[in-house]
Amino acid sequence: MSYEKAVEAARFIKSKYEKEIKVALVLGSGLGAFADEVENAVKIPYEDIPHFARSTVEGHAGQLILGEVEGVSVAVQQGRFHYYEGYDIQQVIFPIRSLGVLGVKSLILTNAAGSVDTDFKQGTLMLIRDHINLIGVNPLRGKNDEQFGERFPDMTEVYSLEYQDVAITAAKQMALEKAKVDEERTGKKQELHRILRRGVYCGLPGPSYETPAEIRMLRLLGVDAVGMSTVPEAITARQMSIKVLGISCITNMAAGITEEPIHHEEVMETGAKVAATLKELLRRIIPKLN
Ligand code: HPA
C-alpha cells in the first residue's frame, strides 16, 4: 500500500491523540490484557482507521489503544492481522507503517509461540534474539517507496541488542525482587526464578500447526520457537529504522515435542496465565526504551 495511505492513517490517529507516541506495542494471541494498563486510553476500532483491515481471529479484539504507560505515550495494537487470515501481506504490516509514519521509533512485538526448545515450558517468556522467515513472503516485495526506507534493508540486527539488554535487566530485577519477597514471607533462601529466556523465533504461514517432522527439521535449523506472526512486522519496522523488541509467550510445546495435540484454546489460556508477568515486565521495559 502506498506511502500516502499510511500518511492518511497516521493523520487520522493523530487527530484522535495529539501527543507524540514513543513506543508501539503489538499484543499477541491471548496477550490482549496488557491493554488494561494503558492510562487515559483513547480506543480506536481498526475499521475506523483509513485503510486498516479488520481483525477476524478469536482472541483479537482489533483496536488501537493510545495512552500512557508509566508516563510514556504508547500505541497498543490489541489484535493484529495475520497472513493466514487471508489478508494481503501489505495489510498485515500496514499498522506498523502507519505508526512509523506517525514517528514511532520503538516497537515491541509480542506473540504466542510453540516451543521447539525442550528447555522451555508452557508459560516461558522468550526474548527473541533473531528470526527465520519461513512465512513464504517478504512484506517488502514489490515496488519500493524510498519514503519507507531502502530497497535492500540490512537485517543483521532486527531485534535491537540494546533493547534486549533492557529486557534482560528488567527481568533480572523482577526475579530478584520476587525472591526477596518470597524470602521474607517464608524465611527461607529462594532460588532465582528466570523470567526471560532467549531464542530464535521462526515465522510460519499457518494456520495449521506444524507436523512433528517439520518441528524436528526446524530444531536442526536452530529454531527455538515457532509462530505465525511477528516476522513481517519486524522486517517492516527495520526498513523504517524503528528499533524492535520481540517477546514470545510459549503457550505450548511444538508438535511432537510431547505427545499432546495442540489446541488453540490452550494457546489462549496460557497467554492469559502469563499476562501478569508479561504486564509487569513490559511496565519496566517501556520507560527504558530510547
Ligand atoms: N505453532 C505455530 N504457531 C503457534 C504455536 C505452534 O505450536 N503455538 C502458538 N502459536
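A few points on the structure. (Residues numbered from 1 in each chain as written. Predicted model: local features only at pLDDT ≥ 70, side-chain atom pairs only at ≥ 80, totals over all residues. Heavy atoms only, no water.)

### As for the site of the ligand
1) Next: Around the ligand, the neighbouring residues are Ala-112, Ala-113, Gly-114, Tyr-209, Glu-210, Val-226, Gly-227, Met-228, Thr-251, Asn-252, Ile-262 and Val-267.
2) Next: For the ligand, a nitrogen atom lies 3.3 Å from a polar atom in the backbone of Gly-114.
3) Next: A distance of 2.7 Å separates a nitrogen atom of the ligand from a polar side-chain atom of Asn-252.
4) Next: The set of elements that each furnish at least two residues to the shell around the ligand consists of β5 (106–115), β8 (225–227) and β9 (243–253).
5) Next: A per-element tally of the shell around the ligand places β5 first, with 3 residues. (Near = heavy atom within 4 Å. Polar contact = N/O pair within 3.5 Å; in protein donor to acceptor, adjacent residues only side chain to side chain. Helix = DSSP H or I, 4+ residues; strand = E, 2+ residues; numbered from the N terminus.)

### Re the packing of helix α3 (residues 161–186) against helix α6 (residues 264–285)
Describing two packed helices takes the angle between their axes plus the distance from one axis to the other.
1) Next: Where α3 meets α6, the axes come as close as 9 Å, and the angle between the chain directions of the two elements is 125 degrees. Relative to α6, the element α3 lies oblique. Here α3 runs over α6; the crossing is right-handed. Counting all contacts with α3, which are made through Val-166, Ala-167, Ala-170, Ala-171, Gln-173, Met-174 and Glu-177, the residues of α6 involved are Thr-277, Glu-280, Leu-281, Arg-284 and Ile-285. (Axes fitted to C-alpha atoms, helices over the stretch in contact; angles between N-to-C directions. Parallel < 35°, antiparallel > 145°, perpendicular 65-115°, else oblique. Left-handed = near helix turned anticlockwise from the far one by under 90°. Contact = heavy atoms within 4.5 Å.)

### Here we look at empty space enclosed by the protein
1) Next: Tallied over the entire structure, the rule returns 1 cavity of 30 Å³ or more.
2) Next: Approximately 40 Å³ is the volume attributed to the largest cavity.
3) Next: Forming the boundary of the largest cavity are Phe-81, His-82, Tyr-83, Ile-89, Val-92, Ile-135, Met-228, Ser-229, Thr-230, Pro-232 and Glu-233.
4) Next: Every element with two or more residues in the lining of the largest cavity is listed here: α2 (89–102) and α5 (231–239). (1 Å grid on protein atoms, 1.4 Å probe; cavity = no way out; pocket = protein on both sides within 12 Å on 5 of 7 lines; lining within 4 Å. Points joined across faces, edges and corners; volume = space filled by probe spheres on them.)

### Quick notes on α5
1) Next: With 8 of 9 residues buried, α5 lies mostly within the body of the structure.
2) Next: Of the positions making up α5, those classed as buried are Val-231, Pro-232, Glu-233, Ala-234, Ile-235, Thr-236, Ala-237 and Gln-239.
3) Next: Check the buried side of α5 and you find it contacts β1 (23–27), α2, β5, β6 (125–133), β7 (196–203) and β9.
4) Next: Backbone geometry just downstream of α5 places Ser-241 in the positive-phi region, at approximately 60 degrees. (Buried < 20%, exposed > 50% of the residue type's maximum accessible area, 1.4 Å probe, protein only.)

### Overview of the pattern of salt bridges
1) Next: With the rule as written, the count across this model stands at 11 salt bridges.
2) Next: For Glu-70, the salt bridge is made with Arg-283, and the minimal N-O distance between the two is 2.4 Å. Of the two residues, Glu-70 sits in the loop between β3 (63–69) and β4 (72–78) while Arg-283 sits in helix α6, which places them 213 residues apart along the sequence.
3) Next: The exposure class of Glu-70 is partly exposed, given its relative accessible area of 42%.
4) Next: Where Asp-182 meets Lys-178, a salt bridge forms, and the shortest distance between an N and an O atom there is 2.9 Å. Note that Asp-182 and Lys-178 are positioned in helix α3 at a spacing of 4 residues, about one turn of the helix.
5) Next: Taking relative accessible area as the criterion, Lys-178 reaches 45% and is therefore assigned partly exposed. (Salt bridge = Lys/Arg side-chain N within 4 Å of Asp/Glu carboxyl O.)

### Remarks on a negative patch on the surface
1) Next: On the surface, a cluster of negative charge is contributed by Glu-146, Glu-150, Asp-154 and Glu-157.
2) Next: Note on placement: Asp-154 falls in the loop between β6 and α3. (Patch = residues over 30% accessible without salt bridge, like charges linked within 9 Å, V, L, I, M, F, W, Y side chains within 5 Å. Areas by Shrake-Rupley, 256 points an atom, 1.4 Å probe, with all protein chains shown as cover. Lys, Arg positive; Asp, Glu negative; His and termini not counted. Charge placed at Lys NZ, Arg CZ, Asp CG, Glu CD.)

### A word on the packing of helix α1 (residues 3–16) against α2
1) Next: Packing of α1 against α2 leaves a shortest axis separation of 8 Å and a crossing angle of 70 degrees. On the basis of their axis angle, the class for α1 and α2 is roughly perpendicular. Considering only the axes of α1 and α2, their crossing is right-handed. Counting all contacts with α1, which are made through Tyr-3, Lys-5, Ala-6, Val-7, Ala-9, Ala-10, Ile-13 and Lys-14, the residues of α2 involved are Phe-94, Arg-97, Ser-98, Leu-99, Val-101 and Leu-102.
2) Next: Considering only residue class, the contact of α1 with α2 consists of 10 nonpolar, 1 polar and 3 charged. (Nonpolar A, V, L, I, M, F, W, Y, C, P; charged D, E, K, R; others polar.)

### Overview of a nonpolar patch on the surface
1) Next: A cluster of nonpolar side chains, Met-217, Leu-220 and Leu-221, forms an exposed patch at the surface whose accessible area comes to about 350 Å².
2) Next: Within the element layout of this structure, Leu-221 appears in the loop between α4 (212–220) and β8.
3) Next: For Leu-221, a relative accessible area of 51% puts it in the exposed group.

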